[in-house]
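Listed below are the residues making up each chain.
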Amino acid sequence: MPVKRPPALIPLESLTGADFAAHRQFSRIVDDKGRYLPFDEFRHCVSRRHNLDLAWTMTRIARHAAMQWIDYYDEAGQQAGFIITPAMAEVCEHVDKQATRLALKELTQRLKGAGAELNQLELDEPITSSQLEGANTTTLVARQMLETGREPRTADEQMIAGNARLMAEIPHWIGEPLTPALIRRFHATGMAGIDDDKYLPGEFRTTDDIVIADYDGNVVHQPPAAGQLPERLEALCDWVNDSTVYTHPLIKACILHFMIAHEHPFRDGNGRTSRALFYWFMLKAGYDTFKYISISSLLHAAPVKYALSYQYTETDGMDLTYFLEYQTRIVARALDVLLQHVDNLTLRAAALDRRLFQSGALTRLSPRQVTLLNVMLSTEGKAYTAADVSEALGISDNTARNDLRAIVREGFADEIAVNAQKTVYLSRRNLV
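Keep in mind that this is a model prediction, so the values were computed, not measured. (Residues numbered from 1 in each chain as written. Predicted model: local features only at pLDDT ≥ 70, side-chain atom pairs only at ≥ 80, totals over all residues. Heavy atoms only, no water.)

### Here's the deal with the side chain of Glu263
- Tracing the backbone shows Glu263 in helix α12 (residues 249-263).
- The class of Glu263 is buried, set by a relative accessible area of 0%.
- In this structure the side chain of Glu263 is engaged in a polar contact, spanning 2.5 Å, whose partner is the side chain of Tyr72.
- Residues contacting Glu263, with those up to four places away along its chain left out, are Tyr72, Arg205, Pro223, Pro224, Leu229, Arg232, Leu233 and Leu236. (Helix = DSSP H or I, 4+ residues; strand = E, 2+ residues; numbered from the N terminus. Buried < 20%, exposed > 50% of the residue type's maximum accessible area, 1.4 Å probe, protein only. Polar contact = N/O pair within 3.5 Å; in protein donor to acceptor, adjacent residues only side chain to side chain. Contact = heavy atoms within 4.5 Å.)

In structure tokens:
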């Protein structure tokens, strides 16, 4: 069902002093609960004794006065802007404290190593970002495919493999400014090999037969005309690259995410491209912890709310605050998921240390073997080979095999012969 569009604002000159006095409580940016409500929700919070259109007019005027305008316009010429609400400011502070390069260094130090226990999290975003766009592959199958390097067998697996390829390339591009050519490179890297006739990897659309529909089939957005794309994308890139007016990197990254999806420059794959560019900007700005944060995991859990955050902005004069409030809440939750994961790993490592000490295994296992055991326990269900460990730790195959067998002898893992030529090692469950 489409959202309820806001009514036209009532001209101020038509209002009386009594009108203003009766509705002055609505002359504010957020409601008394701190919510920046779209009209679709606002209308349910206005009592019958008040004039709804006038209440909305008062609220919209207050918001307009506080708006930070940016050099970006929709196809109807409405200028985009946003307000930093208290909720958004709190998330920006949270990210500044917990997601920087220094913060990531502290997290990995808590894990007593190079953060190998976090590596599995790097696959969460490419998998769930593809699932959000319809990839019908289970997370377990997708993870096994990416971890083993198995070739994709279906178009859905191709989507996930392409997105993983794209996410892996992002660190190589953070030194570049945003350009239409870079946007095309993102799309070509992530979409190639899925269905090239459908995606046209790296090629901007040249037709206007694309519409965005909601889950009931209602058209909710018609992207700008293809003929306007070159000029619009140049303006978009100019705004992203401009540093003369400060905008917090998280806010700017979220706006970039919105812009690419709104422009819809490709026939397909725009969602994955927009989210990848969000990560590109955050890593470019020095927020290295975002390598292990998955926003799509949470967006995938509530896709309707994600879609509504676009609609609220696009139907209310390009007020980006709706999209930004939703996205920053997602970021805060995703960051907290990571921090809780690290807390759990730290507690498990402490419990493991106690068990190793009590059993005497701590004197028999080397520090490297204890680190390997921690990694194996943090990736429960994953089968390791000597070659995997050799590559990850930079040691010979024989040394890796000896380390794995030492862990098996202590009762923390099992050695399983897959066939005459391959042996794998699995950590035992519920050890700590």
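### Quick look at the pattern of salt bridges
- In the structure shown here, the tally under the stated rule is 21 salt bridges.
- The closest approach of N and O atoms between Arg232 and Glu263, which form a salt bridge, is 2.7 Å. Here the residue Arg232 occupies a position in helix α11 (residues 229-241), and Glu263 occupies one in helix α12, the gap between them amounting to 31 residues. Both residues of the pair, Arg232 and Glu263, count as buried.
- We note a salt bridge from Arg364 to Glu410, for which the minimum N-O separation is 2.8 Å. In this pair, Arg364 is assigned in the loop between α16 (321-359) and α17 (367-378) and Glu410 in the loop between α19 (397-409) and β5 (413-417), connecting sequence segments 46 residues apart.
- According to the relative accessible area criterion, Arg364 is partly exposed, its value standing at 48%. (Salt bridge = Lys/Arg side-chain N within 4 Å of Asp/Glu carboxyl O.)

### Observations regarding the packing of aromatic side chains
- Per the stated rule, a full pass over the model turns up 15 aromatic pairs.
- When the centroid spacing of 5.4 Å and the interplanar angle of 85 degrees are considered together, the rings of Phe278 and Tyr279 count as edge-to-face.
- Relative to Phe290, the ring of Tyr279 has its centre 6.4 Å away and its plane inclined at 70 degrees; by these criteria the two rings are edge-to-face. In this pair, Tyr279 sits in helix α13 (residues 270-284) while Phe290 sits in the loop between α13 and α14 (296-301), placing the two residues 11 residues apart along the sequence.
- Here Tyr279 falls in the buried class, since its relative accessible area comes to 1%.
- With a relative accessible area of 1%, Phe290 lands in the buried category.
- In this arrangement the basic side chain of Arg184 is found over the ring face of Phe204, its NZ or CZ atom lying 5.9 Å from the centre.
- Lying across the ring of Trp239, Lys252 places its NZ or CZ 5.0 Å from the centre. (Phe/Tyr/Trp six-rings, centres within 6.5 Å; stacked < 30°, edge-to-face > 60°. Lys NZ or Arg CZ within 6 Å of the ring centre and 35° of its normal.)

### Section: the side chain of Glu314
- Assignment of secondary structure puts Glu314 in helix α15 (residues 303-314).
- The side chain of Glu314 sits in the buried core without any salt bridge; Arg5 is the nearest counter-charge, 7.7 Å away.
- Separated by 2.9 Å, the side chains of Glu314 and His262 make a polar contact.
- Discounting chain neighbours no more than four positions away, the residues touching Glu314 are Val220, His221, Phe258 and His262. (Lys, Arg positive; Asp, Glu negative; His and termini not counted.)

### Details of the environment of Arg333
- Topologically, Arg333 is positioned in helix α16.
- Distance from Arg333 to His264, taken between C-alpha atoms, is 27 Å for residues 69 residues apart in sequence.

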